[in-house]
Amino acid sequence: MENMAKRVAIVGAGVCGLASIKCCLEEGLEPTCFERSDDLGGLWRFTEHVEEGRASLYQSVISNSSKEMSCYSDFPFPEDYPNYVPNSLFLEYLKMYAKQFDLLKCIQFKTKVCSVKKCPDFAISGQWEVVTLHEGKQNSTVFDAVMVCIGFLTNPFLPLDSFPGINTFKGQYFHSRQYKHPDIFKDKTVLVVGMGNSGTDIAIEASHVAKKVFLSTTGGAWVISRVNDSGYPWDMVFTTRFQNMVRNFLPTPIVTWLIARKMNSWFNHTNYGLVPEDKTQLREPVLNSELPGYIITGKVLIKPSIKEVKEKSVIFNNTPKEEPIDIIVFATGYTIAFPFLDESVLKVEDEQASLYKYIFPPHLQKPTLAVIGLVKPLGSMIPTGETQARWVVQVLKGVSMLPPPSVMIKDVNEKKENKHSGFGLCYCNALQTDYIKYIDDLLTSINAKPNLFSMLLMDPRLALTLFFGPCSSYQFRLTGTGKWEGARKAIMMQWDRTLNVTKTRIVQESPSPFENLLKLFSCLALLVAVFLIFL
């Protein structure tokens, strides 16, 4: 414990940066957070102008994870917030979080991190020299550890070389990062390239004012609504320990077939030109409740990839007709970059960074630099980044130990190869991971993973809720390091908070004569399932 890191530099005051500050304070460390803009919030803080080195969003952004699944694990969203939170309320929530835990005192705003370098005695001390720029004045400070929390939505990926003739295009083109409002599309013919969440949102918004809107996709995508067939938030139904166990137990072809069947139950993706070309590899689904309606009414036209760009038009693959285009929006994603870190510290190759558990560079003599938030779980980033920070702080304190470098390097290389076992979901790139499995792995390292077997004896109602109900972040605070006394209540009340906010008109339902019988059969089926699972 004598050699534990004490002074910690945190780069970025977004959702991961705020969680990192709080984790450091709780464990007696001294965090200093450097934020290059004039306010906290990172991605969730909307500005009319694009700030260099900071994530940028459009004004209408709404969260893709519901509030019960995307909050900090010991700080639920206010009960009157909608289930899917617009960016303005999300920023308000982050400010409440910072105020509640007194985090602002640790943040230096308008301070750019220019470089993070090893100190000369790094092999012994593990210390870092952090050079910052504030109001034109450069400062150099030595820290015992560094937590990098800048995310990966700051460096736009513009693969213009892959579009023959783009240099001859006379219209306007830009990356989706620069998009703010749909007014720019008024009476124009618009092409949006890339069918992720941002590209789809922009295409929908553009169709309100544009003359015509094309949405180009190379590989297609599954499109789902934010609510499931019963009207509940999709992630509260999809992200459960029971469903996750079933998915991981089944062979990949069966899981793939089941997912395709579920996705097509809303509408047939083939008929709408959206079905993914490679159904075996899961890409992040597109959450958009409006897209099918806009396609079927002709407001958005789905097109294949671009074959050639001309002065005032575009030719798509497999379609000989030239389509006149005024504006092209490239919703082509982002590249990973850490401009203040030398490649000898952290090297990015093929859009992958060599990080143990997506966090620690495995080759450093001392594990005193960590990257928070550079992972793509099929779940919310807030509890993921927060859990990463909780583990990192324990490592910095010397309470949790990392394996030898050789073991970590082997693990990193295996993840880069992205080999699949043949069971469960198959992800399309190495940064994607199983949300529940990954979180549980980190929680195990800090002795905070809930034990469902012992809980089934001590608190069976809670155990069944944990297993069959949403894997919300409150589960991560039930026991061990960072235990929160309000976790159980938050778990048991999560559906009330979800449904109460939508019941703005109270409707009296007539009881069904079969309701009690159905409840009885449901309870019996549940007991049988539990018996089989815990055998």
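Above: the structure in question.
What counts, and where the lines are drawn
Residues numbered from 1 in each chain as written. Predicted model: local features only at pLDDT ≥ 70, side-chain atom pairs only at ≥ 80, totals over all residues. Heavy atoms only, no water. Helix = DSSP H or I, 4+ residues; strand = E, 2+ residues; numbered from the N terminus. Rg over C-alpha atoms; globule rule 2.2 N^0.38 Å. Buried < 20%, exposed > 50% of the residue type's maximum accessible area, 1.4 Å probe, protein only. Contact = heavy atoms within 4.5 Å. Lys, Arg positive; Asp, Glu negative; His and termini not counted. Charge placed at Lys NZ, Arg CZ, Asp CG, Glu CD. Polar contact = N/O pair within 3.5 Å; in protein donor to acceptor, adjacent residues only side chain to side chain. Core = buried A, V, L, I, M, F, W, Y, C linked by side-chain atoms within 4.5 Å. Patch = residues over 30% accessible without salt bridge, like charges linked within 9 Å, V, L, I, M, F, W, Y side chains within 5 Å. Areas by Shrake-Rupley, 256 points an atom, 1.4 Å probe, with all protein chains shown as cover. Salt bridge = Lys/Arg side-chain N within 4 Å of Asp/Glu carboxyl O.

**Q** Explain the overall build of the protein chain to me, and be specific about the residues and the numbers.
**A** Counting its regular elements, the protein chain contains 17 helices and 24 strands. Computed over the C-alpha atoms, the radius of gyration of the protein chain is 24 Å, within 12% of the 24 Å expected from 2.2 N^0.38 for a compact globule of 535 residues. Projected onto its principal axes, the C-alpha positions of the protein chain cover 70 × 70 × 45 Å. In the protein chain, which comprises 535 residues, the share counted as buried stands at 50%. Long-range pairs, those at least 24 residues apart, make up 68% of the contacts in the protein chain with a sequence separation of at least 6. When the 56 positive and 53 negative side-chain charges of the protein chain are each reduced to one mean point, those points stand 2 Å apart.

**Q** I'd love a proper account of helix α12 (residues 435-445), names of residues and values included.
**A** Side chains three or four residues apart in an α-helix point the same way, a direct result of the helix having 3.6 residues per turn. For α12, the set of buried residues is Tyr-435, Ile-436, Tyr-438, Ile-439, Asp-440, Leu-442 and Leu-443. Contacts from the buried residues of α12 go to α2 (67-70), α7 (241-249), β23 (376-377), α10 (381-397) and β24 (432-433). Regarding α12, its N-cap is Asp-434, as a side-chain oxygen of that residue lies 3.2 Å from the backbone nitrogen of Ile-436 further along. Just downstream of α12 lies Asn-447, where phi reads positive at about 55°.

**Q** Which residues make up the nonpolar core, and what values go with them?
**A** Residues Leu-18, Tyr-72, Met-147 and Phe-185 are the most contacted members of the largest nonpolar core, which totals 126 residues. Tyr-72 has contacts with Val-15, Leu-18, Ala-19, Tyr-93, Leu-94, Tyr-97, Ile-382, Glu-386, Ser-473 and Tyr-474, leaving out every residue within four places of it along the chain.

**Q** Outline a positive patch on the surface, supporting the account with residue identities and numerical values.
**A** On the surface, Lys-188, Lys-211, Lys-212 and Lys-321 cluster together to form a positively charged patch. Note on placement: Lys-212 falls in strand β11 (residues 212-216).

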